[in-house]
Amino acid sequence: MTIAEDDPRQPYEQAAETLRREIRDGVIKPGRNVGSVRDLASRFKISPTTVQKALGVLRDEGLLTTTARGSYARDPKQVADAGKSGSGPDLSEVLLKLEHVTSQLSELRDRVERLEASHPGRADEN
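Throughout this document, residue positions are counted from 1 along each chain, in the order its sequence is written. A pLDDT threshold of at least 70 governs which residues receive local features in this predicted model, and a stricter bar of 80 or more applies before side-chain atom pairs are shown or counted, although totals over entire chains, interfaces and linings include all residues. Side-chain metrics rest on all non-hydrogen atoms present in the structure, leaving aside hydrogens and water.

### Structural notes on the nonpolar core
Residues Leu 19, Val 34, Leu 40, Phe 44 and Leu 55 are the most contacted members of the largest nonpolar core, which totals 20 residues. Elements supplying a minimum of two residues to this core: helix 1 (11–24), helix 2 (37–44) and helix 3 (48–61). Sort the elements by how many residues they give to this core and helix 1 lands first, with five residues. Those residues in contact with Val 34, other than ones at most four positions away along the chain, are Ile 28, Leu 40, Leu 55, Leu 64, Ser 71 and Ala 73. To form a nonpolar core, buried Ala, Val, Leu, Ile, Met, Phe, Trp, Tyr and Cys residues must be joined to one another through side-chain atoms within 4.5 Å. A 1.4 Å probe rolled over the protein chains alone gives each residue an accessible area, and that area as a share of the maximum for its type sets the label: buried under 20%, exposed over 50%, partly exposed in between. The way it works is that DSSP assigns letters per residue, a run of H or I at least four long becomes a helix, a run of E at least two long becomes a strand, and they are numbered from the N terminus. The contact criterion used throughout is that any non-hydrogen atoms of two residues lie within 4.5 Å.

What follows is the structure in structure tokens.
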């Protein structure tokens, strides 16, 4: 899919609309990664910066949640319901962020253990 040059909308708006439609139509299921910035840039034949702008639009609309591991679709029905009720964040979004933090903690623990193993007795010096 390429961006239509004769479309009056900006390329990021066209990309956002395509992804929005795919999320709402269920082509991209809730909780699924929408694709890497690099893959989306290649798919739409636009720059990664333009992709980031499109993803930002969808995040602002509540259709995406983003972690260090990527951007994930949210359930459009829950997004619409949350907008009506004014409720807090979506549970799946909280769980994704919790998973990310847990992963970061695990990686940090592994790094500390490797450092301690490579420098035995150093912790005792302080």
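### A look at the pattern of salt bridges
The salt bridge criterion pairs a side-chain nitrogen of Lys or Arg with a carboxyl oxygen of Asp or Glu, the two atoms within 4 Å. Summed over the entire model, instances satisfying the criterion amount to four salt bridges. Note that Arg 20 is salt-bridged to Glu 17, the shortest N-O span being 2.4 Å. In this pair, Arg 20 and Glu 17 both sit in helix 1, three residues apart, roughly one turn of the helix. A relative accessible area of 12% means that Arg 20 is categorised as buried. With a closest N to O distance of 2.7 Å, Arg 20 and Glu 61 form a salt bridge. Here Arg 20, found in helix 1, pairs with Glu 61, found in helix 3; they are 41 residues apart in sequence, far enough to count as distant. Glu 61 sits in the partly exposed class, given a relative accessible area of 34%. Salt bridges linked by common partners bring Glu 17, Arg 20 and Glu 61 together as one network.

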